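The primary structure of each chain is shown beneath.
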Amino acid sequence: MRQPLVVVYEADGLLGLFLRRLSKGHGWTVREVRRPSTCLRLLRQGRPGVLVLKLSKDVATEMELLERVSWLLPEAATIVVGEVEDPTLAALAWDLGAAYVLLPPAPRELLPEVVAGFLARETSHAGAAPTG
Amino acid sequence: MADLQGFRWQAYFQRAEEALFLLDRRGRILFVNPTWETLTGVPAWQARGLLVQRKKATPGADRTQVLAHLLYPPAEVRKGQAGRVRRPAPGGGAAGRWWDIEFSPLADDHHLTGVLGRIRPVAAVPASLPEPLLRLRQRLVHRFAIEELAGRSPFWSRVAHQVRLAGRAGIPVLLVGEPGTGKHWLARALHAVGERREGPFYALDCRCLPPQALTPILFSNSRGTLYLRDPARLPRDLQARLCERLGADEGPQVVAGCGSDPAGEIQSGRLLEELYHALAVVTISLPPLRERTDELPRLVEQFLERTNEDGDRRILGLTPEAWEVVRAYRWPGNLTELLAVLREARLRARGDHIGFSDLPAPLRLAVRLAQTGEAPPERPLNLDRILQEAERRLILLALRRARGNRSRAAEILGIWRPRLLRRMEALGLTVPSGKRLAAPGLELSEETPPLDQAE
């Protein structure tokens, strides 16, 4: 079975760098993307996958991507990460189907454990789904 | 309508501050009050006689046609129960204006005689969100509408009724069913009709999230709805704390989803019995897909519509051969598996229908195996004959390489020459003395049948 996949959607690459360093100890594959269509294509592959979505100034595109992933690919967990405290945006992210929302005051240090937890779930269920 | 005529209802309703309307038993508007006229922008003379419609108005339709759809009572109301819906106000959904519409059936001893409706405008969406985000929110409204369930069957009508009651009361609900049976969807539908729908919908997967991530949401003071997937996976101390919290009736409304054997979870010690009882104020059991095969056409249509959103071409349906497989398969993964299979098959389909060969191989195989009758008796395998034939071929190969020289052939086979001669005699292999066998590649005189056909 292929390595579990972490897709990182962000504007500046910092989160991807962080997760890439972590992935060495966990056996994940980390792919950083800049376009929603690429993100969807990667998550459609059928391997265990998690999307880490970092909010930036283009919130509308990011939230649209969250909505599309949670509706079209419900088995992929989306973790929304941000640096600015915004309860309204956090509530919308939950409503649109985020598996977890890490906006302040939630500590960013939780991210590795949250990602690992969802990948472990995906990996344990991957054998149950029919594959072509 | 004798009961209505006997009461000075018109004078009463005319002065009401809420927007009120009255339908007759056929769904025609009999009366609207001035507040209704102001809210809808439609004068009473134009509204009277308008027939409410189940069918959604086409884009560009005039305001009365839009209203005719908005005021259509949901299924439970048509069957004599009170009901409430939230629908986007005409021209107002994207901007965050919604209508809560309450329907109260009016009946004599035997029949529905009319429906009284009340419209309450609500700002369902926080005004601080920009327009594109408000539109995203709007997509959710129709996606999790409980009215979709009511009217399908007596079972689903009861489920819809339970969901409405539990949503309005804000009490804990336990959803029981195999993975993939729609518990998450039902929790969202409950949130959409519940008293706490103004708050967010949190979905926490207790199998995946660490306690430090769960705690802030589990014990928040939010007014929304919290869906807990598999609460038996919570640490026991969190289960105990949650139990106390539920008893105090604080925070979000809790809806929990668990597998089809909660008693087993309690017995094994994974789920605290106190928490189970605290969650199961209302329990709704969802059947597996294999028990809902009559719904397959509708589900397949809905899921194909969903997967069509993710592509540039439309898949219209399944071929009859593909339908045979879909109906025969047991769907251990239930609705989740059905969606995944259709999504995968859609990518393979060449035309506008999913065919038999587009379905995943394990699914086709599973159905074939299930449909196969008694297996034919297996052919017996004679080990001695197979071993003899293999020995014969090896000896012939060695002789060919040694060009008939038996001493050399014995060396190739790693045995003594006398043993080779004994085995050749036992197997009926003879090579005339001095005769050299042909070079490799030319056929030997004896026919060599395949091993599995050796007699």
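Preceding block: the structure.
Keep in mind that what you see is a predicted model, and the values were worked out from it rather than measured. (Residues numbered from 1 in each chain as written. Chains lettered and ligands numbered in written order. Predicted model: local features only at pLDDT ≥ 70, side-chain atom pairs only at ≥ 80, totals over all residues. Heavy atoms only, no water.)

A. Highlighting the overall build of chain A. Looking only at helices and strands, one finds 5 helices and 5 strands in chain A. The linear arrangement of helices and strands in chain A, starting from the amino end, is β-α-β-α-β-α-β-α-β-α. For chain A, the residues scored as buried account for 55% of the 132 residues in total. Considering only contacts within chain A whose residues lie at least 6 apart along the sequence, 64% involve residues at least 24 apart. (Helix = DSSP H or I, 4+ residues; strand = E, 2+ residues; numbered from the N terminus. Buried < 20%, exposed > 50% of the residue type's maximum accessible area, 1.4 Å probe, protein only. Contact = heavy atoms within 4.5 Å.)

B. The arrangement of the pattern of salt bridges in detail. This structure, assessed with the given rule, holds 29 salt bridges over all chains. A salt bridge links D95 of chain A to R137 of chain B; the shortest N-O distance between them is 2.5 Å. Here D95 of chain A is found in helix α4 (residues 87-95), whereas its partner R137 of chain B is found in helix α7 (residues 131-143) on a different chain. According to the relative accessible area criterion, D95 of chain A is buried, its value standing at 5%. The exposure class assigned to R137 of chain B is buried, which follows from its relative accessible area of 13%. In this structure, E389 of chain B engages R393 of chain B in a salt bridge whose closest nitrogen and oxygen atoms are separated by 3.6 Å. A residue pair is termed a helical-turn pair when its members lie 3 or 4 positions apart in one helix, as E389 of chain B and R393 of chain B do in helix α18 (residues 383-401) at 4 residues. What makes R393 of chain B partly exposed here is its relative accessible area of 31%. Salt bridges here are not isolated pairs; linked through shared partners, they connect E64, E67 and R68 of chain A together with R139, R143 and E309 of chain B. (Salt bridge = Lys/Arg side-chain N within 4 Å of Asp/Glu carboxyl O.)

C. Structural view of the sheet that holds strand β4 (residues 77-81) of chain A. All names here are of chain A. Spatially, 5 strands are ordered β2-β1-β3-β4-β5 in an open sheet, and the strand pairing comes out parallel. Each edge of the sheet is formed by a strand with only one pairing partner; in this case those strands are β2 (29-33) and β5 (100-102). Direction aside, the axes of adjacent strands within the sheet are offset by 20 degrees on average. Where β4 lies against β5, 3 bridges are found, and the strand directions are parallel. (Pairing = 2+ DSSP bridges. Axes fitted to C-alpha atoms, helices over the stretch in contact; angles between N-to-C directions.)

D. Main features of the interface of chain B and chain A. Counting from both sides, the interface comprises 38 residues of chain B and, opposite them, 34 residues of chain A. Counting the surface lost from both chain B and chain A, the interface buries some 3300 Å², and carbon and sulfur atoms represent 60% of this. Of all residues in chain B, the largest losses of buried area upon contact with chain A belong to C208, R306 and D310 of chain B, amounting jointly to 17% of the total for that side. Applying the counting criterion to the chain B and chain A interface returns 7 salt bridges. For the salt bridge of R68 of chain A with E309 of chain B, the shortest nitrogen-to-oxygen distance reads 2.8 Å. The tally of links from chain B across to chain A stands at 14 residue pairs in polar contact (both at pLDDT 80 or more). Taken together, the elements giving at least two residues each to the side of chain B that touches chain A come down to α7, α9 (183-193), β7 (201-205), α10 (211-218), α16 (334-348) and α17 (361-371) of chain B. Counting residues per element, the side of chain B that touches chain A draws most heavily on α7 of chain B, which supplies 7 residues. (Buried area = accessible area lost by both parts, 1.4 Å probe. Polar contact = N/O pair within 3.5 Å; in protein donor to acceptor, adjacent residues only side chain to side chain.)

E. Representation of the packing of aromatic side chains in the model. One pass over the full model with this rule turns up 7 aromatic pairs over all chains. Each ring, one from W94 of chain A and one from Y202 of chain B, has its centre 5.2 Å from the other, and the planes form 70 degrees; the classification is edge-to-face. Note that W94 of chain A is positioned in helix α4 and Y202 of chain B in strand β7, a pairing that runs across two chains. Judged by its relative accessible area of 5%, W94 of chain A falls in the buried class. Taken together, a centroid distance of 4.7 Å and an interplanar angle of 80 degrees make the contact between Y329 of chain B and W331 of chain B edge-to-face. An aromatic cluster of at least three residues, connected via ring pairs, comprises W94 and Y100 of chain A together with Y202 of chain B. Between the NZ or CZ atom of R143 of chain B and the centre of the ring of W71 of chain A, over which it lies, the distance is 3.9 Å. The ring of W71 of chain A carries the charged tip of R306 of chain B above its face, separated from the ring centre by 3.6 Å. (Phe/Tyr/Trp six-rings, centres within 6.5 Å; stacked < 30°, edge-to-face > 60°. Lys NZ or Arg CZ within 6 Å of the ring centre and 35° of its normal.)

F. Expanded view of the packing of helix α19 (residues 406-413) of chain B against helix α20 (residues 417-427) of chain B. Residue and element names in this part refer to chain B. Contact geometry for α19 and α20: axes closest at 9 Å, N-to-C directions at 100 degrees. Put simply, α19 runs roughly perpendicular to α20. Along the contact surface, α19 presents R406, S407, A409, A410 and L413, while α20 presents R417, L420, L421 and M424. Partitioned by chemical class, the residues of the contact of α19 with α20 number 6 nonpolar, 1 polar and 2 charged. (Parallel < 35°, antiparallel > 145°, perpendicular 65-115°, else oblique. Nonpolar A, V, L, I, M, F, W, Y, C, P; charged D, E, K, R; others polar.)

G. Quick peek at the packing of helix α3 (residues 59-72) of chain A against α4 of chain A. All names here are of chain A. Packing of α3 against α4 brings their axes to within 9 Å, and their N-to-C directions diverge by 25 degrees. Considering the angle they form, α3 stands roughly parallel to α4. Remark: the crossing between α3 and α4 carries right-handed chirality. Across the interface between the two elements, V59, M63 and L66 of α3 pack against L89, L92 and A93 of α4. Along the lines of polarity and charge, the residues of the contact of α3 with α4 split into 6 nonpolar, no polar and no charged. (Left-handed = near helix turned anticlockwise from the far one by under 90°.)

H. Representation of the pairing of strand β9 (residues 253-258) of chain B. Residue and element names in this part refer to chain B. Most of β9 sits inside the fold, with 6 of its 6 residues counted as buried. Alternating residues of β9 divide into Q253, V255 and G257 and V254, A256 and C258, and every residue in both groups is buried. The pairing of strand β8 (residues 225-229) with β9 spans 5 bridges and is parallel. Bridge pairing in β9 places T225 opposite Q253.

I. Structural context of the side chain of D310 of chain B. Residue placement: D310 of chain B occurs in the loop between α14 (296-308) and β11 (317-318). Using a relative accessible area of 18% as the deciding quantity, one classes D310 of chain B as buried. There is a polar contact of 2.7 Å between the side chain of D310 of chain B and the side chain of R44 of chain A. If we ignore the near neighbours within four places in the chain, the residues touching D310 of chain B are L40, R44 and L72 of chain A.

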